[in-house]
Amino acid sequence: MSAQEEIKEIKKTTCYMCACRCGIRVHLYNGEVRYIDGNPDHPLNKGVICAKGSAGIMKQYSPARLTQPLRRKTGADRGAGEFEPISWEEAFSMLSERLGKIRATDPKKFALFTGRDQMQALTGLFARQFGTPNYAAHGGLCSVNMAAGMIYTIGGSFWEFGGPDLDRAKLFVMIGTAEDHHSNPLKIALSKFKRDGGRFVSINPVRTGYSAIADEWVPIRPGTDGALLLAFIHEILAHGLYDREFLVRYTNAGQLINVDEKNDEFGMFLRTEGPEEEACYDPQDKLWWDRNTQKAIVTHTPGADPFLLGEFKLRDGTPVKPAFQLLQDRVKDYTPEWAEGVTGIPADTIRRLAYEMGVTARDQKIELPIAWTDSWGTEHNTVTGNPVAFHAMRGLAAHSNGFQSIRALAILMSILGTIDRPGGFRHKVPFPRPIPPCARPPNNPLAVQPNKPLAGIPLGWPSDPDDLFVDKDGNPVRLDKGFSWEYPLSVHGLMHNAITNAWRGDPYKIDTLMIFMANMAWNSTMNTSEVRKMLNDKDEQGEFKIPFIVVADAFQSETSAFADLVLPDTTYLERHDVMSLLDRPISEFDGPVDSVRLPVLPPTGECKPFQEVLIELGTRLKLPAFVTSDGSRKYRDYPDFIVNFETEPGSGIGFLAGWRGKGGEKFMRGEPNPNQWEMYAKNNCVFHHELPKSYQYMRNWNRGYLEWSQRSRITRYAEPILIHIYSEVLQKFRAAAQGKGFSRKPPEHLKKRIETWFDPLPFYADTLEGQISDKQKYPLAAITQRPMAMYHSWDSQNAWLRQIHAHNVLFVNTRTARLSKIEDNDWIWVESQWGRVRCIAKHSEAVEPGTVWTWNAIGKAAGAWNLTPDANESQRGFLLNHLISEELPGAISNSDPITGQAAWYDVRVRIYKAEAGEPKVTSPQFEPLKPYPGQMERKSVWNYFAGGKK
Amino acid sequence: MHPAFSVIFLTTLIGVGQGIFLALFTVESYAAFGLLPVQEDSYYAIGCALSLLFLIAGLIASLFHLGRPERAWRSAAQWRTSWLSREVVALPAFMGALALYGLAHLIGFNPTLTTLPSGTPVTVTLILGTGATLLAFALFLCTGMIYACLRFIQAWHSPLTVINYVLFGGASGFTLAAAHASIAAPDLVIFLAGWALVITLLGLTGWLASRTRNTRIKPKSTLPTAIGIKHPHIAQASQGLMGGSFNTREFFHGNTQKMLQGLQGFSFVCAFVLPTVLLVIGLSSASSGWLLTAFICQYAGLLAERWLFFAQARHPQNLYYQAVA
Amino acid sequence: MQLALVIDLNVCVGCHACVINCKEWNTSGTAGPMTDLNPYGKDPTGTFFNRVQTFEVGTFPDTEVVHFPKSCLHCEEPPCVPVCPTGASYKRVEDGIVLVNYDQCIGCKYCSWACPYGAREFDETQRVMKKCTLCVDRIYDTHLTEEERRPACVRACPTGARLFGDIHDPASEVSIAIRESGGYPLMPEWGTQPANHYLPRRKTRLRIRKDELDRADNPLKIDGQLPTPDRTAPSLDDIASW
Ligand SMILES: Nc1nc2c(c(=O)[nH]1)N[C@H]1C(S)=C(S)[C@@H](COP(=O)(O)OP(=O)(O)OC[C@H]3O[C@@H](n4cnc5c(=O)[nH]c(N)nc54)[C@H](O)[C@@H]3O)O[C@H]1N2
Ligand SMILES: Nc1nc2c(c(=O)[nH]1)N[C@H]1C(S)=C(S)[C@@H](COP(=O)(O)OP(=O)(O)OC[C@H]3O[C@@H](n4cnc5c(=O)[nH]c(N)nc54)[C@H](O)[C@@H]3O)O[C@H]1N2
Ligand code: SF4
Ligand code: SF4
Ligand code: SF4
Ligand code: SF4
Ligand code: SF4
Ligand SMILES: [Mo]
């Protein structure tokens with residue numbers, strides 16, 4: 001082909017090699033992908049791109065792609081991967097018939113679980129419209145502790161919800177983070193921060209990636225961060241390094257709490273008399289003990305200044321204490337010396353770090369000349385910043401004691417006065433939200449009715465025991481037991497228990513399990529080998545215990561092999577998508593941002609975007625949102641749906657916030673705009689609204705911002721969002737467990753658990769698994785890290801990325817290894833109470849001696865992802881999940897007792913050398929999968945050259 | 001380094017070829033001075049053919065080393081800077097001179113051109129032979145320098161590399177020449193086998209010298225200089241690829257130290273000790289069987305030696321490719 | 001002019017963006033295609049011009065982890081060039097880029113032996129030697145915007161750890177970085193004078209003095225004050241009358 005005939009095009013869209021969602025430009029030669037680079041005009045990545053993003057070509061042309069709808073061959077075992085191709089029409093009629101029956105009888109029997117997708121707004125809508133409560137995305141097994149712990153404390157969290165302002169920070173403390181969702185922006189910010197002379201401290205048992213460039217690495221024993229954070233708080237309080245002004249005005253630190261143990265109101269805030277408002281915000285009816293008048297007074301009374309410390313007696317003799325005093329009482333014994341024993345970090349280091357935080361926050365204050373008005377009408381000429389920033393992720397979250405550790409972190413950030421301030425933590429629209437946010441889960445079984453949408457949204461934010469989704473006996477309504485007394489604040493569900501529960505029929509049996517973009521027979525499941533058996537298990541009648549499994553995936557994952565019906569999805573280069581404010585947008589600190597994905601290539605084979613599948617199914621099932629009043633099709637397709645769907649008729653709120661209104665003149669709210677997609681296309685696929693400077697900070701209490709947010713219908717209320725140093729929400733659950741109050745009470749066997757864990761102040765306790773483990777026998781903690789060049793289990797099919805991580809090994813501290821006579825590269829067994837795997841050990845000096853770790857999800861089942869059965873991933877690679885149990889003794893989930901967060905990083909193990917004669921392959925092994933019908937042949941030599949030249 | 005058989009055969013085979021020729025021409029020179037009986041032209045012609053055979057075999061082996069043998073002709077271009085290019089020039093030049101020399105003997109074209117004051121006649125073959133000798137040595141120099149010029153492969157960067165190429169080629173060539181003489185010109189056996197013995201022993205000295213030198217080499221490049229970080233304890237955690245790369249295939253031999261030691265013993269015995277014994281036996285018995293065995297044994301030993309020459313050369317790039325994870 | 005990359009080890013997080021973006025750009029560019037062998041089988045291996053390696057420096061707990069990207073260093077005295085028998089390997093006079101002419105290369109691999117850094121890669125299917133081209137097919141391409149006329153790896157790098165420019169121009173970003181941040185070459189012992197330089201780790205520390213820790217205006221002075229005690233509690237008033 002000559003140069004003239006060569007057709008070169010550049011198309012802009014949004015990357016989805018991971019959930020970061022950078023702007024990309026796809027360069028095409030003669031219709032083939034020539035090059036993918038970062039879009040320099042995109043606010044998120046500003047032109048940079050990561051390894052995964054750069055390897056998009058190899059995803060697009062991967063032989064692991066599914067290209068046809070497939071049906072399991074009659075008689076074939078699930079997991080064997082024996083399929084025959086069928087048409088989409090067959091697939092749809094099979095599905096709509098089955099789902100129609102379920103919906104007409106018991107909608108609960110349909111469960112929809114989605115993994116690392118970014119369309120929870122749509123999948124959630126579908127589930128709700130269908131009428132099933134059994135919907136969740138990956139959040140519960142991912143980082144719900146981070147969301148819940150922070151949101152229940154400061155009204156916002158990390159990642160899409162907020163983050164460290166490294167532009168202005170002077171000290172940055174990163175805890176338990178390897179890669180995180182905000183991959184490229186964090187990297188951009190981190191290097192800028194370092195180059196500007198900022199000091200970067202990383203607290204992590206392992207030093208890789210980001211931690212590698214930290215000025216100081218603080219190796220910590222896994223699961224003990226709560227102790228460390230509480231010791232920090234102890235030191236900061238002891239030296240008076242807290243930001244008093246901030247605490248007084250913007251948190252509940254000064255609010256008085258009833259400390260009369262005999263009183264029914266024990267542990268509750270004192271309130272002024274007055275009718276209780278039935279609204280979802282924190283009414284300002286609490287009391288301070290005023291220093292000037294020496295008596296209780298309504299908070300924020302002009303001229304008043306509360307004591308933060310002390311114990312007082314109300315006129316009626318009720319003993320009261322400010323929340324801050326309770327915090328001080330709480331941390332009294334959490335000394336650095338104590339924490340040293342728990343965390344393995346020298347007490348001197350703990351002290352020094354606490355001082356660094358406190359002194360930097362206090363003495364390096366930033367004053368920005370930005371005038372703003374707070375919720376109480378006080379005008380401020382400047383915005384103050386205490387430039388200490390934190391970031392934390394699953395190293396804190398993925399432990400069963402994570403919620404309370406994260407509360408401790410949020411409180412540490414708050415006492416340093418760093419919330420939504422320059423150089424500290426900054427929110428991103430639509431956060432901050434009321435504590436807790438207003439969405440509540442349904443609270444009784446009647447919410448589920450045949451042929452009706454679910455009354456309520458499947459996932460929400462309980463504010464007290466009456467918000468739990470349980471029946472009158474306190475039994476869970478959801479399959480995953482979310483929002484039950486077992487995990488009351490499981491705001492993201494517990495996908496990791498769905499299969500086990502469905503298999504066991506506890507709380508009930510289901511009919512159809514639909515899995516979208518989740519590898520639930522592999523890396524998003526614990527106890528993987530057993531769960532794989534459950535998926536294929538039959539009852540006495542010879543019927544599958546989980547009668548029907550649908551998997552919508554783009555690739556031949558391990559899970560696809562267990563499907564009765566496989567729906568081939570498109571890749572991100574072949575479909576429309578939205579990164580919506582209804583879900584998790586890509587907002588910046590300075591204002592809301594949402595974005596879209598536009599197809600740059602036609603679908604491969606018969607691949608169909610799952611979005612289209614849902615809309616088609618919704619239409620066929622006549623779910624109200626997808627049909628007109630006469631039951632006919634409402635939306636032509638997904639793009640049409642996105643443009644025209646409104647949350648309620650005429651609400652003006654849809655999936656996309658930009659270019660609304662007839663001619664695209666409005667944003668946030670406005671009538672549907674038929675040309676909305678084109679406008680996104682013209683604008684780098686991004687809508688970015690930069691707020692006025694005066695609305696960019698202090699947003700929990702920024703009147704201007706809160707009213708803007710109310711006008712934009714981001715929130716219903718414009719009330720200030722005080723930080724919950726003391727969590728009355730938690731106290732309400734504890735009180736219920738103690739038999740106090742009028743709310744629902746937990747069942748007997750869970751009382752102790754609720755009482756212990758629902759502490760209104762953070763505390764440290766060993767993880768659940770730690771508590772029941774013989775630490776002599778299992779002396780090591782085993783954890784995983786995200787490799788930067790791989791996304792979960794997705795990328796072993798990627799010819800380029802898999803060369804970087806063809807297999808994984810277990811990294812062991814050199815001295816620890818030698819104690820067990822394990823040499824570098826020896827084959828070893830890693831054994832937990834729940835199982836064992838054989839793998840290769842590698843010595844490392846960059847890991848805490850009590851920890852072993854490996855890269856996550858590199859190990860694969862033989863033949864999966866259309867790799868050859870002898871591929872390194874399955875023969876030398878291994879999956880740590882085999883060692884982790886989804887349940888602890890007593891069939892209780894291996895999860896945080898507050899949020900149901902999967903406790904991936906709690907597992908305890910021991911290691912020993914494999915016998916000399918043992919095969920040099922990892923164990924366990926599974927029967928190799930064969931390629932499915934319609935899959936491309938895998939090349940043995942590949943000279944990729946776009947456009948077919950050379 | 002990963003020893004490539006193409007190069008091992010190339011260098012050892014042309015070494016034999018060069019050595020045979022040198023043996024032939026030594027005989028002729030001695031004869032010219034009356035120190036040895038004059039030989040039939042056919043003796044030289046057959047000897048040359050034998051030499052050429054080895055050279056051609058070496059040349060063929062070398063082609064296997066090239067990714068693009070069809071472009072081999074291009075490789076003479078950079079003779080100004082590249083020893084490889086020079087070798088590419090020297091090899092055919094030597095072969096040409098050798099062929100002419102052999103041809104002159106074959107057709108008996110050997111007029112006397114002039115006479116030295118000593119009365120020794122300077123014949124055409126003597127001139128051609130002298131030229132070919134110079135070229136043979138030039139070729140040795142080029143071959144050796146290809147390796148010796150690489151400064152940072154310290155095991156090679158030494159005059160011993162060139163010297164040993166000469167000695168090993170010479171030894172094997174003379175041994176084969178002795179074996180040839182045992183059939184074609186028995187009166188030369190003692191002379192040639194004697195020289196073979198001497199060169200073999202010299203070769204052994206060179207071999208031992210380079211062994212001694214190489215075990216004492218202190219690598220100039222270390223991990224600290226390779227990555228520019230001074231610390232006594234640096235360990236590679238990953239090399240950025242797991243399934244291997246050109247860097248791991250080309251520069252690592254992938255064999256155990258034990259295997260290397262074994263091979264070293266083998267080459268010591270086969271290239272030097274046994275040939276010495278066999279040459280002594282062959283020399284005293286003038287039996288072609290013993291001499292031929294001596295050659296075969298020595299050649300096998302030299303193959304092993306050449307394999308080790310590559311395997312034991314540590315390339316500084318290897319510092320960057322020490323661990324997979 | 002001597003174009004070069006300067007790699008800042010102080011901020012490189014080892015993400016491999018530069019590795020893959022390099023491959024992606026070059027496989028369909030003038031240096032391509034870049035072969036992959038067994039892309040879906042055992043021991044996948046391919047041609048890459050840039051690799052990121054990891055080193056652990058020191059012993060626990062004083063361990064530094066260094067991510068170390070390496071591509072051809074475009075030596076000013078490139079040992080790989082004079083040894084090439086065909087002239088396929090050459091160093092450009094105008095900008096110092098060391099290149100291989102694939103049409104001349106005979107694949108003898110000699111240049112790779114002559115490179116102490118292991119920067120050259122033999123392409124197993126085209127059977128010629130390849131290496132980093134400094135993206136010569138980008139940096140002079142006037143169809144590209146100024147911003148894009150930089151090597152693929154440099155543009156991709158999320159931390160901006162890769163600087164690109166003329167190290168002979170003392171005012172260039174790279175020269176300034178080398179000068180001011182202690183840029184150094186690899187294996188200086190061979191006199192190859194690599195054009196690419198590396199910037200070392202730099203540490204920021206904080207020192208807190210005692211008087212900074214406990215200041216007079218400490219809020220504990222406010223909050224620590226206890227409320228006035230109960231008036232009826234015993235006091236000296238009860239027993240003494242001066
Ligand atoms: N041991 C251990 N286990 C863990 C973790 C850990 O740290 N350690 N992390 C946990 C966490 S935080 C998470 S979020 C989960 C993630 O676990 P999963 O949600 O199961 O994530 P993936 O493995 O990425 O599987 C997602 C599936 O999406 C498919 N996919 C990729 N692109 C597309 C597409 O465009 N369309 C469709 N339909 N499918 C696509 C992939 O082929 C794959 O089968 O893993 C958890 N598991
Ligand atoms: N490249 C890439 N990016 C990803 C993903 C991916 O698979 N690949 N996955 C995405 C997803 S779904 C998620 S949830 C995020 C997760 O983002 P991260 O949370 O950053 O990822 P993890 O690998 O889980 O990292 C957890 C870190 O915590 C450390 N850690 C473990 N236990 C403890 C502890 O007790 N205390 C402390 N202080 N540290 C501890 C581990 O060593 C590790 O460094 O990444 C997202 N981004
Ligand atoms: S960080 Fe994620 S979204 Fe951004 S380029 Fe990389 S893979 Fe794509
Ligand atoms: S790094 Fe190696 S290949 Fe590059 S110029 Fe220097 S010697 Fe040549
Ligand atoms: S491989 Fe090619 S470039 Fe390298 S020395 Fe040989 S001919 Fe020159
Ligand atoms: S300059 Fe170009 S060829 Fe060289 S490493 Fe960077 S991207 Fe690759
Ligand atoms: S892209 Fe940048 S940060 Fe990432 S490995 Fe390469 S040089 Fe380092
Ligand atoms: Mo996750």
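Residues numbered from 1 in each chain as written. Chains lettered and ligands numbered in written order. Predicted model: local features only at pLDDT ≥ 70, side-chain atom pairs only at ≥ 80, totals over all residues. Heavy atoms only, no water.

Student: When you look at the overall build of chain B in this model, what are you seeing that I'm missing?
Tutor: From N to C terminus, chain B includes 10 helices and three strands. When its helices and strands are written in sequence order, chain B yields α-α-α-β-β-α-α-α-α-β-α-α-α. On C-alpha atoms alone, chain B measures out to a radius of gyration of 22 Å, which is about the 20 Å that the 2.2 N^0.38 rule sets for 325 residues. For chain B, the spread of C-alpha atoms along the three principal axes comes to 70 × 45 × 35 Å. (Helix = DSSP H or I, 4+ residues; strand = E, 2+ residues; numbered from the N terminus. Rg over C-alpha atoms; globule rule 2.2 N^0.38 Å.)

Student: Could you clarify how one ought to interpret the overall build of chain A in this entry?
Tutor: Looking only at helices and strands, chain A has 27 helices and 37 strands in total. Relative to the compact-globule value of 30 Å for 950 residues, chain A shows a C-alpha radius of gyration of 27 Å, a close match. Seen through its principal axes, chain A has C-alpha atoms that stretch 85 × 70 × 65 Å. Looking at the 950 residues of chain A, the share that counts as buried comes to 71%. (Buried < 20%, exposed > 50% of the residue type's maximum accessible area, 1.4 Å probe, protein only.)

Student: Help me understand the site of ligand 5, please; the structure alone is not making it clear to me.
Tutor: Looking at ligand 5, there are 13 residues lining it, with C:Cys84, C:Cys105, C:Cys108, C:Lys109 and C:Cys111 nearest. Among the residues forming the shell around ligand 5, the class breakdown is nine nonpolar, three polar and one charged. (Near = heavy atom within 4 Å. Nonpolar A, V, L, I, M, F, W, Y, C, P; charged D, E, K, R; others polar.)

Student: Please clarify how the domain arrangement of chain A should be interpreted in this entry.
Tutor: Often the size quoted for an interface is simply the accessible area lost on bringing the parts together. According to the domain assignment, chain A contains domain 1 (75–142 + 447–572) and domain 2 (155–430 + 721–726). Taking only C-alpha atoms into account, the centre of domain 1 of chain A sits 38 Å from that of domain 2 of chain A. (Domains from an automatic or database assignment.)

Student: Would you explain the interface of chain C and chain A in this entry?
Tutor: Tallying the contact residues gives 77 residues for chain C and 93 residues for chain A. Counting the surface lost from both chain C and chain A, the interface buries some 6800 Å², and carbon and sulfur atoms represent 55% of this. Applying the counting rule to chain C against chain A returns six salt bridges. The salt bridge involving A:Asp363 is made with C:Arg215; its shortest N-O contact spans 2.8 Å. Across the chain C-chain A interface, the total number found is 45 residue pairs in polar contact (both at pLDDT 80 or more). Among the elements of the structure, α1 (17–27), β2 (36–37), β3 (45–46), β5 (64–71), α4 (152–156), α6 (210–213) and α7 (220–223) of chain C are those that each provide at least two residues to the side of chain C that touches chain A. For the side of chain C that touches chain A, the element with the most residues is α1(C), which contributes seven residues. When grouped by side-chain class, the residues that make up the side of chain C that touches chain A number 30 nonpolar, 27 polar and 20 charged. (Contact = heavy atoms within 4.5 Å. Buried area = accessible area lost by both parts, 1.4 Å probe. Salt bridge = Lys/Arg side-chain N within 4 Å of Asp/Glu carboxyl O. Polar contact = N/O pair within 3.5 Å; in protein donor to acceptor, adjacent residues only side chain to side chain.)

Student: Would you mind showing me how to read the nonpolar core here?
Tutor: Nonpolar side chains tend to gather and get buried jointly when the protein is soluble and globular. Of all hydrophobic cores here, the largest spans 319 residues; its most connected members are A:Met357, A:Ile415 and A:Phe641. If you look at the next biggest cluster of nonpolar residues, it comprises 138 residues, including B:Ala97, B:Leu139, B:Phe191 and B:Ile234. (Core = buried A, V, L, I, M, F, W, Y, C linked by side-chain atoms within 4.5 Å.)

Student: Please explain the sheet that holds strand β32 (residues 836–844) of chain A as it appears in this structure.
Tutor: Residues and elements named next belong to chain A. Pairing is mixed in the closed barrel, where six strands are placed in the order β29-β33-β30-β32-β31-β36. Geometrically, the sheet is characterised by an average inter-axis angle of 45 degrees between neighbouring strands, direction not taken into account. As judged from the five bridges shared by strand β31 (residues 827–832) and strand β36 (residues 908–913), these two strands associate in the antiparallel manner. Along β36, the bridge assignment pairs Ser832 with Val909. (Pairing = 2+ DSSP bridges. Axes fitted to C-alpha atoms, helices over the stretch in contact; angles between N-to-C directions.)

Student: Is there a simple way to explain the interface of chain B and chain A in this structure?
Tutor: Tallying the contact residues gives 10 residues for chain B and nine residues for chain A. Of the roughly 650 Å² buried between chain B and chain A, counting both surfaces, carbon and sulfur atoms make up 63%. The tally of links between chain B and chain A comes to zero salt bridges. Viewed at the interface, chain A and chain B are joined by one residue pair in polar contact (both at pLDDT 80 or more). Counted by class, the side of chain B that touches chain A contains six nonpolar, four polar and no charged residues.

Student: Looking at this structure, how should I read empty space enclosed by the protein?
Tutor: Rolling a probe over the atoms, with the probe sized like a water molecule, indicates the empty space that remains. All names here are of chain A. Quantified by volume, the largest cavity comes out at close to 490 Å³. The wall of the largest cavity is formed by 35 residues, among which Arg116, Met517, Asn523, His792 and Trp794 lie closest to the centre. Partitioning the lining of the largest cavity into residue classes produces 15 nonpolar, 13 polar and seven charged. (1 Å grid on protein atoms, 1.4 Å probe; cavity = no way out; pocket = protein on both sides within 12 Å on 5 of 7 lines; lining within 4 Å. Points joined across faces, edges and corners; volume = space filled by probe spheres on them.)

Student: Teacher, can you tell me more about the site of ligand 7 here?
Tutor: By nearness alone, 14 residues border ligand 7, and C:Cys12, C:Cys15, C:Cys18, C:Cys157 and C:Thr159 come closest of all. Of the residues belonging to the shell around ligand 7, the class tally is 10 nonpolar, three polar and one charged.

Student: Got a minute to help me understand the sheet that holds strand β4 (residues 50–57) of chain C in this structure?
Tutor: Picture the strands of a sheet paired through backbone hydrogen bonds; they go either parallel or antiparallel. Pairing is antiparallel across the open sheet formed by three strands, whose spatial order is β3(B)-β4(C)-β5(C). Two strands close off the open sheet at either side, each with one partner strand: β3 (234–238) of chain B together with β5 of chain C. Across the sheet, the mean angle from the axis of one strand to that of its neighbour is 35 degrees, orientation sign disregarded. Note that β3(B) and β4(C) share four bridges and pair antiparallel. Looking at the pairing, B:Ala235 lines up with C:Glu56 of β4(C).

Student: What should I look at first to understand the side chain of A:Asn258 in this one?
Tutor: Residues and elements named next belong to chain A. Position of Asn258 relative to the elements: it lies in strand β12 (residues 256–258). According to the relative accessible area criterion, Asn258 is buried, its value standing at 3%. Filtering out sequence-adjacent residues up to four positions away, Asn258 remains in contact with Asn263, Glu265, Phe266, Gly267, Met268, Leu270, Thr318, Pro319 and Val320.

Student: Looking at this structure, I do not really get helix α11 (residues 323–331) of chain A. What am I missing?
Tutor: Structural remark: α-helix, 3.6 residues per turn; residues separated by three or four positions point the same way. Those residues of α11(A) not exposed but buried are A:Ala323, A:Phe324, A:Gln325, A:Leu326, A:Leu327 and A:Val331. Against the buried residues of α11(A) lie α9 (225–238), α10 (244–250), β12, β16 (319–322) and α15 (402–415) of chain A.

Student: It is not clear to me how the packing of aromatic side chains should be interpreted in this structure. Could you clarify?
Tutor: Two descriptors summarise a pair of aromatic rings, namely the distance from one centre to the other and the angle between the planes of the rings. Following the criterion strictly, the structure yields 82 aromatic pairs over all chains and no others. Judged by centre distance (5.5 Å) and plane angle (70 degrees), the ring pair of A:Phe645 and A:Phe655 falls under edge-to-face. You can see A:Phe645 sitting in the loop between α19 (638–644) and α20 (676–682) and its partner A:Phe655 sitting in the loop between α19 and α20, a full 10 residues away along the chain. Centre to centre, the rings of C:Tyr110 and C:Trp113 are 6.3 Å apart; their planes meet at 85 degrees, and the pair counts as edge-to-face. Separated by three residues within a single helix, C:Tyr110 and C:Trp113 lie in helix α2 (residues 110–114), roughly one turn from each other. Using a relative accessible area of 5% as the deciding quantity, one classes C:Trp113 as buried. Among the aromatic residues, ring-to-ring pairing joins A:Phe110, A:Phe126, A:Phe130, A:Phe626, A:Tyr635, A:Tyr638, A:Phe641, A:Phe645 and A:Phe655 into one connected group. The ring of A:Trp88 carries A:Lys608 above its face, with NZ or CZ at 5.5 Å from the centroid. (Phe/Tyr/Trp six-rings, centres within 6.5 Å; stacked < 30°, edge-to-face > 60°. Lys NZ or Arg CZ within 6 Å of the ring centre and 35° of its normal.)

Student: I tried to follow the state of the cysteines on my own but got confused; where do I start?
Tutor: Here, the word disulfide means a covalent bond between the sulfur atoms of two cysteines. Residue and element names in this part refer to chain A. Under the counting rule described, the total for this entry stands at one disulfide over all chains. A sulfur-sulfur separation of 1.9 Å characterises the disulfide bridge that pairs Cys280 with Cys438. As the torsion about the S-S bond is roughly -80 degrees, the Cys280-Cys438 disulfide counts as left-handed. Separated by 158 residues along the polypeptide, Cys280 in the loop between β12 and β13 (287–290) and Cys438 in the loop between β22 (425–427) and α16 (495–504) bring together distant segments of the chain. For Cys438, a relative accessible area of 29% corresponds to the partly exposed category. (Disulfide = S-S within 2.5 Å.)

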